[in-house]
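Here are the chains, one letter per residue:
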Amino acid sequence: MADIIKLLPDHVANQIAAGEVVQRPASVVKELLENAIDAGSTSIKLIVKDGGKALIQVVDDGIGMSETDARLSFERHATSKISSAQDLFNLQTKGFRGEALASIAAIAHVDMQTRPESKEVGTHLKIEGSKIVSQDVVATPVGTSISVKNLFFNIPARRNFLKSNQVELRHIQDEFHRVALVHPGIEFHFYNNGSEIFNLPKTKHRQRIAHIFGSKMESRLVPVNEETEVVKISGFICKPEFAKKSRGEQFFFANNRFIKSPYLHHAVVAAFEGLIKQDMYPGYFLYLDVDPASIDINIHPTKTEVKFDDENTLYAILRSTIKHSLGQFNVAPVLDFDHDPNLDTPYAYREKGATLPKVTVDPTFNPFQDAAKAKSGGGGFQKRSSKGWEGLYEGLEKDVDVEEFSSVAIESDGDVQGTIYSEDHLEEHLATTFQLRRKYVVSTVKSGMLVIHQKRAHERILFEKFLGEITVKEGVSQQLLFPLELTFSKQELNILKEIKDSLSNIGFAFESLEEETVKVTGVPLVVPESGIGTVLDRLIADYKEGFTEGSLSQAEVLAKVLSKNLSVRTGEFLDQESQQALVNNLFACKEPTLSPFQKLTYTIISEGDIDKKFS
Ligand code: ADP
Ligand code: MG
């Protein structure tokens, strides 16, 4: 048998390596930014077009490369950063694998211009799919400019796998944040489709965080500082009251490298214990400095996962350091832990003076009744005024007289046959509702007992309402007497812009979305004025998550997010009117059985089930 094993040609090997290094445009951004930083740059420009699919360019003012280095830099395992295995344990640079440029050049069109200070002229190289297509001498400033076009041009499957430009841009922004947050001493400019979205001057950590996440962040930060033999911790945590329901502002850096560590995250959360609710995430920007020999950053090709020698100690130090900061800055005592601001904002169904439209309720409406019967029962309803205790007897005097009691059939042989009321009376008087444990609304239906999950049912109702409004633009807006000023970070603003049209369809009105401070001039009727900020914050956070996850339409994601955030909560009191509106509106829905999150909204406990309990 002939020998069949061959060495792969370089360009094939590079393409395979590229699969690991370059998952999406954001990976290219990360590699290029890191190279620029390793080159000692003081100012870095990032330019992207169409979510990085059309162009990613990084321009730096670093040390540049000689002609030979420029060519070599695209070879696999070509690096200036380490020369022996020993160096791996004393890494001072971001890069060390010498893989990035070779990988990128294997799957894109790359154009590089570079000049070191010692040379009068620079080198201009063009590479497509690992092949050098041209090399010229060029007049260019000191430093390096690399542009990457047509990413994955030769791997259509990967290209098709990319998400929308907006989603890819968001990933790029995430990488940009991670790099910019550790290097406040470097100036960054970020252009997207021709407009500057970040202009970060040289500054200190705290201001860098504020420049990226909005000036409101500045006042939320509590400094963290600790130096031990094992680790030096610095950075900031966000005050507990600004914890968010979704992840986003959690950053760990180990030796100036962004890392992910569920274990250390847990340490931070543990320090916040009792200060924030279970499903909330505290914000943090924590910089850990450890002996490079005690950390292995090599275990993951994209290098965000690391292994620390002594994780347990690190955990303990981190937790107590953060507890200390929380205590020292007196953050803890001013908090009311049990207080949920959502509970005191009058969401829908609460008595709210003149601003809420009155719900006309037909208490005899029974979704399980046939239409004709329901109609005939609806006419004579008058709202019973709750005058006081004597109101309790009103109904009894009138409706329940001795004669009717006498019509009770006494059971025989254990089989219940009679009823206390005649059938007609039953429907008229028991077609009412009550709330169980501020969680369920209970009513009767012909076949038994109807138990509605109040939150899920309301989510379903709101979901269908908003979905309708978003698509046909019929939401009613309540104009604010005094426009509300809210501040958002750049990223939040971008999301707001993305969903602005849908938001205005349902009744939101904004004055301008260009500056950090946004004026809200109108809101949908169901949104109370006091809750606007919270609602928008959650909307943005949830939308961001929802949209990256599924393949739902924007309208659907928004309607889901709105319904989740505006529905009545478990634990919220519902008056009689609201309970009945809930029942009626639920059964007017197209799909009353499930919440928008595919959870059961109601169940019926049949008479048979109840009978069984008594048997
Ligand atoms: P690594 O960063 O792991 O060394 P890369 O493939 O990213 O590998 O880069 C290869 C080499 O090219 C680097 O070691 C460096 O010498 C050089 N290089 C890359 N980008 C730049 C840049 N922006 N400025 C100067 N040199 C660069
Ligand atoms: Mg590199």
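Along each chain, the written sequence defines residue order, and numbers are assigned to residues from 1. Numbering of ligands from 1 and lettering of chains from A proceed in the order in which they are written. Local features in a predicted model are, by the rule used here, given only for residues with pLDDT of at least 70; side-chain atom pairs are given and counted only at 80 or more, and totals for whole chains, interfaces and linings are based on all residues. The side-chain figures draw on all heavy atoms in the structure; neither hydrogens nor water molecules are used.

Colleague: Hey, could you run me through the sheet that holds strand E20 (residues 509–510) in this one?
Modeller: Hydrogen bonding along the main chain pairs the strands of a sheet, whether they run parallel or antiparallel. In this scheme, strands are said to pair when DSSP sees at least two bridges between them. Starting at the N terminus, helices and strands are each numbered in turn, a helix being any DSSP run of H or I of at least four residues and a strand any DSSP run of E of at least two. The sheet built from three strands is open, its strands ordered E19-E21-E20 with antiparallel pairing. At either margin of the open sheet sits one strand with a lone partner, and together these are strand E19 (477–487) and E20. Sheet analysis places E20 next to strand E21 (residues 517–524), joined by two bridges and oriented antiparallel. Note on E21: the bridge partner recorded for Phe510 is Val520.

Colleague: What is the right way to read the site of ligand 1 from this model?
Modeller: If even one non-hydrogen atom of a residue comes within 4 Å of a molecule or strand, that residue is called near it. In the vicinity of ligand 1, 18 residues are found, and the nearest of them are Asn35, Thr79, Ser80, Lys81 and Gly98. Each polar contact in these results corresponds to two N or O atoms within 3.5 Å; when the atoms are within protein, one needs to be able to donate a hydrogen and the other to accept it, and residues that are neighboring in sequence are counted only if both atoms are side-chain atoms. Taking Asp60, its side chain carries an N or O atom lying 2.9 Å from a nitrogen atom of ligand 1. Leu101 places a polar main-chain atom, nitrogen or oxygen, 2.9 Å from an oxygen atom of ligand 1. Residue exposure ignores everything except the shown protein chains as possible cover, and the areas themselves are Shrake-Rupley values with a 1.4 Å probe. When isolated, ligand 1 has an accessible area of 530 Å², and the protein chains bury 93% of it. Any residue outside Ala, Val, Leu, Ile, Met, Phe, Trp, Tyr, Cys, Pro, Asp, Glu, Lys and Arg is labelled polar, Gly included; the first ten of those are nonpolar and the last four are charged. Looking at side-chain class alone, the shell around ligand 1 contains six nonpolar, eight polar and four charged residues.

Colleague: Just checking my understanding: could you explain helix H18 (residues 554–566) for this structure?
Modeller: Because an α-helix packs 3.6 residues into every turn, residues spaced three or four apart end up facing the same way. When the terminal C-alpha atoms of H18 are compared, their 18 Å separation across 13 residues agrees well with the 18 Å that a helix rising 1.5 Å per residue should span. Each residue is placed in one exposure class: buried if its accessible area under a 1.4 Å probe, protein chains only, is under 20% of its type's maximum, exposed if it is over 50%, and partly exposed if it falls in between. Taken residue by residue, H18 has Ala555, Val557, Leu558, Ala559, Val561, Leu562, Ser563, Asn565 and Leu566 as its buried positions. Each helix should span, by expectation, one fewer than its residue count multiplied by 1.5 Å.

Colleague: When you look at the environment of Ala78 in this model, what are you seeing that I'm missing?
Modeller: Examined against the element boundaries, Ala78 turns out to sit in the loop between helix H3 (67–72) and helix H4 (100–106). Sequence separation of Ala78 and Gly98 is 20 residues, and the distance between their C-alpha atoms is 4.7 Å. Throughout, a contact is declared for two residues whenever any of their heavy atoms are within 4.5 Å. Excluding its chain neighbours within four sequence positions, the residues that come into contact with Ala78 are Leu72 and Gly98.

Colleague: Can you help me understand the pattern of salt bridges in this one?
Modeller: It is possible for side chains bearing opposite charge to pair when their charged atoms get close. Salt bridge, as used here: a side-chain nitrogen of Lys or Arg that lies within 4 Å of a carboxyl oxygen of Asp or Glu. Here the structure, examined in full by the defined rule, presents twelve salt bridges. In this structure, Lys244 and Glu492 form a salt bridge, with 3.3 Å as the shortest nitrogen-oxygen distance. Of this pair, Lys244 sits in the loop between strand E10 (231–238) and strand E11 (250–254) while Glu492 sits in helix H16 (residues 490–505), and the two are 248 residues apart along the sequence. Judged by relative accessible area, Glu492 falls into the buried class, the value being 9%. When salt bridges with common partners are traced through the structure, they connect Lys216, Lys244, Glu249 and Glu492 into a single cluster.

Colleague: Whenever I open this one, the nonpolar core confuses me. Can you help?
Modeller: Note on soluble globular proteins: their nonpolar side chains tend to be buried together. In this description, a nonpolar core means a group of buried Ala, Val, Leu, Ile, Met, Phe, Trp, Tyr and Cys residues linked to one another through side-chain atoms lying within 4.5 Å. Counting residues in each nonpolar core, the largest one holds 59 residues, and the members touching the most others are Leu46, Val148, Phe188 and Phe285. Residues contacting Val148, with those up to four places away along its chain left out, are Val28, Leu32, Ala54, Leu55, Ile56, Ile104, Ala108, His109 and Val110. In terms of nonpolar packing, the next biggest core, distinct from the first, is built from 34 residues, Leu486, Val535, Val561 and Leu566 among them.

Colleague: Help me understand the environment of Leu600 in this model?
Modeller: Of note, Leu600 is situated in the loop between helix H19 (576–587) and strand E22 (602–606). With sequence-adjacent residues up to four places away left out, Leu600 is seen in contact with His453, Arg456, Thr593 and Leu594.

Colleague: Is there a simple way to think about the pairing of strand E18 (residues 448–453) in this case?
Modeller: Along a regular strand, successive side chains alternate from one face of the sheet to the other. Among the six residues of E18, five are classified as buried, and the element is accordingly described as predominantly covered. Taken together, strand E17 (residues 440–445) and the strand that follows it, E18, pair antiparallel across an intervening segment of two residues. Pairing analysis gives five bridges linking E18 to E22, with the strands arranged antiparallel. The residue bridging Val451 from the neighbouring strand is Thr603, located in E22.

Colleague: Is there a simple way to explain the sheet that holds strand E1 (residues 43–49) in this structure?
Modeller: Spatial ordering of the open sheet is given by E5-E4-E3-E6-E2-E1-E7-E8, a layout of eight strands whose pairing is mixed. With partners counted over all chains shown, the strands left at the sheet margins are strand E5 (131–138) and strand E8 (195–200), one partner each. When the angles between neighbouring strand axes are averaged without regard to direction, this sheet yields 10 degrees. Of the pairings in the sheet, the one linking strand E2 (residues 55–60) to strand E6 (residues 143–149) comprises five bridges and is antiparallel in character. Its bridge partner lying in E6, Ile56 is registered against Val148. Angles run from 0 to 180 degrees between N-to-C directions of axes, and those axes are lines fitted to C-alpha atoms, restricted for helices to the stretch in contact. In the packing of helix H6 (residues 165–182) onto the sheet, contacts are made with E1, strand E7 (187–192) and E8, and the angle to E7 comes to roughly 175 degrees. This element, helix H7 (residues 205–213), spans E7 and E8 of the sheet and lies at about 160 degrees to E8.

Colleague: Which parts of the structure should I look at to understand the pairing of E10?
Modeller: Of all the eight residues making up E10, seven are buried; the element is thus mostly covered by neighbouring parts of the structure. The pairing of strand E9 (residues 221–227) with E10 spans seven bridges and is classified as antiparallel. Within E10, the residue paired with Pro223 across the bridge is Phe236. The hairpin turn running from E9 into E10, its antiparallel successor, is three residues long.

Geometry only, nothing functional implied.
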